[in-house]
Amino acid sequence: MNAQLQQVADELRDATARLHRLREAVPALVEKLHVDTDFMLERCITALARIGDPEASRLIRAAYLPATDTFKIFSSSVFGSIKHEESEEAILDLLRSERDPTFRTLLCVGLCDLFSERGVPVVTSEIESGYDTDFASLEEHLLPVLAALKIEHPEAERWRDE
């Protein structure tokens, strides 16, 4: 029995060490989002999502506003893949400053990906004021959120029909 417990303890220690090493990679992966190479950007986004460390959301938030369009487009998807309140806070904060309709749309998609209850009125407002329909359908992204959170919305039926 002691040998089994020792083996479990060793495996847990090894897994913790691997997780720590992965988290150490987060700043470098976020920095790579500034490089305009689709393949690398996609790999970095996937890695950040798999690691799931909210530090990525904090770092992206800090770099977002003055960043290039490419950084904004690719990094926006990271927020929605890291299911943490830091991601929600980052998006809500960035939406207070971001003026570009495309980037606002992508940030709203992130709120929907997080199933953010606080994001429902924000996304609804974005739909009402107009958004970049070439990048996403916010109605399609919002409908599952409304259903999952059991929120009634006066436009939901019309959106489903469209």
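Going by the structure above, here's the rest.
Residues numbered from 1 in each chain as written. Predicted model: local features only at pLDDT ≥ 70, side-chain atom pairs only at ≥ 80, totals over all residues. Heavy atoms only, no water.

To continue, consider the packing of helix H7 (residues 101-113) against helix H9 (residues 138-149). Between H7 and H9, whose axes approach to 9 Å, the crossing angle comes to 20 degrees. Of the possible angle classes, the one that applies to H7 and H9 is roughly parallel. H7 and H9 meet at a crossing whose hand is left-handed. Contacts between H7 and H9 involve Thr105, Cys108, Val109, Cys112 and Asp113 on the former and, on the latter, Leu138, His141, Leu142 and Val145. The residue inventory of the contact of H7 with H9, partitioned by class, reads six nonpolar, two polar and one charged. (Axes fitted to C-alpha atoms, helices over the stretch in contact; angles between N-to-C directions. Helix = DSSP H or I, 4+ residues; strand = E, 2+ residues; numbered from the N terminus. Parallel < 35°, antiparallel > 145°, perpendicular 65-115°, else oblique. Left-handed = near helix turned anticlockwise from the far one by under 90°. Contact = heavy atoms within 4.5 Å. Nonpolar A, V, L, I, M, F, W, Y, C, P; charged D, E, K, R; others polar.)

Attention now goes to helix H3 (residues 38-51). Between its first and last C-alpha, H3 extends 20 Å over 14 residues, near the 20 Å set by a 1.5 Å rise per residue. What H3 keeps buried is the set Leu41, Cys44, Ile45, Leu48 and Ile51. In an axial view of H3, the angular spread of the buried residues amounts to 135 degrees, which keeps them on one side of the axis. In this structure, H3 carries Phe39, Arg43 and Arg50 as exposed residues pointing more than 90 degrees from its buried face. Gly52, located one to two residues past H3, shows a positive phi value of around 70 degrees. (Expected span 1.5 Å × (residues − 1). Buried < 20%, exposed > 50% of the residue type's maximum accessible area, 1.4 Å probe, protein only. Arc of directions from axis to C-beta.)

Right, let's talk about the environment of Arg118 for a bit. As for its placement among the helices and strands, Arg118 is situated in the loop between H7 and helix H8 (119-129). In this structure Arg118 comes out as partly exposed when scored by relative accessible area, which is 41%. Taking the C-alpha atoms as reference points, Arg118 and Glu89, 29 residues apart in sequence, are found 9.7 Å from one another. Within the local environment of Arg118, its side chain forms a polar contact with the side chain of Glu89, the two groups lying 2.5 Å apart. (Polar contact = N/O pair within 3.5 Å; in protein donor to acceptor, adjacent residues only side chain to side chain.)

Before going further, it helps to examine the side chain of Ser116. Examined against the element boundaries, Ser116 turns out to sit in the loop between H7 and H8. Polar contacts involving the side chain of Ser116 include one to the main-chain amide nitrogen of Gly119, which spans 2.8 Å. If we skip the residues at most four places from it in the chain, Ser116 touches Glu88, Leu111, Val145 and Leu149.

A few words now on the nonpolar core. Counting residues in hydrophobic clusters, the biggest one holds 44 residues, and the most contacted among them are Leu33, Leu48, Ile60, Val123 and Leu142. When residues in this core are grouped by element, the largest group, seven residues, is from H7. Those residues in contact with Leu142, other than ones at most four positions away along the chain, are Cys112, Val120, Val123, Thr124, Ile127 and Trp159. (Core = buried A, V, L, I, M, F, W, Y, C linked by side-chain atoms within 4.5 Å.)

Don't take any of this as a statement about function, it's just geometry.
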